[in-house]
Amino acid sequence: MIRLILVVLFLIIFFIISLPLFLIEWIVGKFSKHARDVSSHAIVVCAFRIILFLTGVKLTVKGKENIPDEACLFVGNHNSFFDILVSYVTIPKVMGFIAKIEIKKVPLLNIWMYYVNCLFLDRSNVREGLKTILKAADYIKSGVSMFVFPEGTRSKDGKMLPFKEGSMKMAEKSTGIIVPVAMTGTADILENHFPKLKSGKVTIEFGAPIYTKELSKEEKKFIGAYAQEQIQHMLDEHVL
């Protein structure tokens with residue numbers, strides 16, 4: 001329970017400090033969006049690192065050399081809120097997340113998410129969902145990588161749900177590069193014993209990039225399933 005109290009206290013302090021930071025980032029953005037992207041990314045990464053430290057997460061990173069220099073689409077399995085923190089602090093580039101539309105209503109958090117290029121996906125509205133996908137593709141083409149959890153929601157038992165093929169269009173309509181990401185141990189930090197926070201070992205692995213132009217016609221048709229197969233293979237290796 002002490003870890004939870006420390007994290008809550010840190011978040012309160014961080015969001016109080018965020019008020020003047022929002023103004024600073026807004027001013028920076030008026031002169032250079034890229035400069036704002038970099039500075040906002042650095043601030044959020046720092047905050048996430050502190051949370052992981054306070055929680056006692058022991059992080060193992062594999063396959064970091066597989067991350068390409070170009071902007072790309074990262075796709076990963078989703079078991080915990082901590083998936084976002086773990087992936088964000090290990091990917092060394094400006095990156096936004098695709099988040100569910102409900103999070104857009106959370107005060108202060110939604111501003112930081114805007115500053116770090118996160119987009120909100122309304123899965124109940126196909127037309128608006130497509131607009132979000134196309135906007136994400138534009139972000140990638142402009143040099144901002146994106147991260148999506150194609151299952152659409154967190155898995156309750158650790159087993160991946162089928163990937164939604166529509167989310168893969170972000171890669172197809174941009175640089176055509178997908179990086180599969182496998183994470184294990186994140187649910188043991190919070191979800192498996194909510195509301196307690198417990199220290200634990202977390203592994204994140206980046207698989208070899210998938211270049212959509214090199215795939216067969218059949219693989220392109222079910223690229224979500226293809227990416228999920230690569231992630232499942234890494235997850236299987238984690239438990240050996």
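Residues numbered from 1 in each chain as written. Predicted model: local features only at pLDDT ≥ 70, side-chain atom pairs only at ≥ 80, totals over all residues. Heavy atoms only, no water.

> Can you walk me through the overall build of the protein chain in this structure?
The number of helices and strands found in the protein chain is eight helices and eight strands. Relative to the 2.2 N^0.38 estimate, which gives 18 Å for 240 residues, the radius of gyration of the protein chain is 18 Å and therefore close to what a compact globule would have. Considering the protein chain as a whole, with its 240 residues, one finds that 48% of them fall into the buried category. Here the analysis covers contacts within the protein chain between residues at least 6 apart in sequence; of these, 74% occur between residues at least 24 apart. Accessible surface computed for the protein chain: about 12700 Å², of which carbon and sulfur atoms make up 62%. Here the protein chain carries 30 positive and 23 negative side-chain charges, and the mean point of each set is 7 Å from the other. (Helix = DSSP H or I, 4+ residues; strand = E, 2+ residues; numbered from the N terminus. Rg over C-alpha atoms; globule rule 2.2 N^0.38 Å. Buried < 20%, exposed > 50% of the residue type's maximum accessible area, 1.4 Å probe, protein only. Contact = heavy atoms within 4.5 Å. Areas by Shrake-Rupley, 256 points an atom, 1.4 Å probe, with all protein chains shown as cover. Lys, Arg positive; Asp, Glu negative; His and termini not counted. Charge placed at Lys NZ, Arg CZ, Asp CG, Glu CD.)

> Just to check I follow, could you spell out the packing of helix 2 (residues 33-55) against helix 3 (residues 82-90) for this structure?
Any two packed helices are characterised by how steeply their axes cross, that is the angle between the axes, and by the distance between the axes. Between helix 2 and helix 3, the least distance of the axes is 9 Å, while the angle of their chain directions is 120°. The angle between helix 2 and helix 3 places the two elements in the oblique class. The way helix 2 lies across helix 3 gives a crossing that is left-handed. On helix 3, the residues that touch His41, Val44, Val45, Phe48, Arg49, Ile51, Leu52 and Thr55 of helix 2 are Phe82, Ile84, Leu85, Val86, Tyr88 and Val89. Of the residues assigned to the contact of helix 2 with helix 3, the class counts are eleven nonpolar, two polar and one charged. (Axes fitted to C-alpha atoms, helices over the stretch in contact; angles between N-to-C directions. Parallel < 35°, antiparallel > 145°, perpendicular 65-115°, else oblique. Left-handed = near helix turned anticlockwise from the far one by under 90°. Nonpolar A, V, L, I, M, F, W, Y, C, P; charged D, E, K, R; others polar.)

> What is the right way to look at the packing of aromatic side chains in this model?
For any two aromatic rings, the description comes down to two numbers: the centre-to-centre distance and the angle of the planes. Here the structure, examined in full by the defined rule, presents 14 aromatic pairs. A ring pair is formed by phenylalanine 48 and tyrosine 88, whose centres lie 5.7 Å apart and whose planes are at 80°; its orientation type is edge-to-face. Of this pair, phenylalanine 48 sits in helix 2 while tyrosine 88 sits in helix 3, and the two are 40 residues apart along the sequence. Here phenylalanine 48 and tyrosine 88 have matching classes, each one buried. With centroids separated by 6.2 Å and ring planes inclined at 75°, the aromatic side chains of phenylalanine 74 and phenylalanine 206 adopt a geometry described as edge-to-face. (Phe/Tyr/Trp six-rings, centres within 6.5 Å; stacked < 30°, edge-to-face > 60°.)

> Which parts of the structure should I look at to understand the nonpolar core?
Most often, soluble globular proteins keep nonpolar side chains buried together rather than apart. Counting residues in hydrophobic clusters, the biggest one holds 43 residues, and the most contacted among them are Phe74, Phe82, Tyr88, Trp112, Phe147, Val181 and Phe206. Within the residue set of this core, elements represented by two or more residues are helix 1 (2-31), helix 2, helix 3, strand 3 (95-100), helix 4 (109-115), strand 6 (177-184) and strand 7 (200-206). Among the elements that take part in this core, helix 2 stands out by supplying seven residues, more than any other. For phenylalanine 147, the contacting residues outside a window of four places in its chain are Phe74, Val75, Gly76, Ser87, Ile91, Met95, Gly96, Phe97, Ile98, Val181 and Met183. Ala71, Ile133, Met170 and Met234 belong to the second largest nonpolar core, which has 28 residues in total. (Core = buried A, V, L, I, M, F, W, Y, C linked by side-chain atoms within 4.5 Å.)

> Where do I start with the environment of histidine 78 in this structure?
With respect to the element layout, histidine 78 can be found in the loop between strand 2 (73-76) and helix 3. Take histidine 78: its relative accessible area is 11%, and that puts it in the buried class. Beyond its immediate stretch of four places on either side in the chain, histidine 78 contacts Asp83, Phe149, Glu151, Thr153, Arg154 and Ser155. One polar contact links the side chain of histidine 78 to the main-chain carbonyl oxygen of serine 80, over a distance of 3.5 Å. One polar contact links histidine 78 to aspartate 83, side chain to side chain, over a distance of 2.8 Å. (Polar contact = N/O pair within 3.5 Å; in protein donor to acceptor, adjacent residues only side chain to side chain.)

> Would you take a moment to explain the pairing of strand 6 for this structure?
The two faces of a sheet get side chains in turn, since along a regular strand they alternate between them. Taking burial as the measure, the eight residues of strand 6 include seven buried ones, the bulk of the element. Of the strand pairs in this sheet, strand 2 and strand 6 are connected by four bridges, and their pairing is parallel. Looking at strand 6, one finds that glycine 76 is bridged to valine 181. Relative to strand 8 (residues 210-211), strand 6 runs antiparallel, the two being bridged by two bridges. Opposite isoleucine 177, over in strand 8, you have tyrosine 211 as the bridge partner. Looking at chain direction, strand 6 and strand 7 are connected through four bridges and run antiparallel. From the neighbouring strand, methionine 183 faces strand 7, where its bridge partner is isoleucine 204. (Pairing = 2+ DSSP bridges.)

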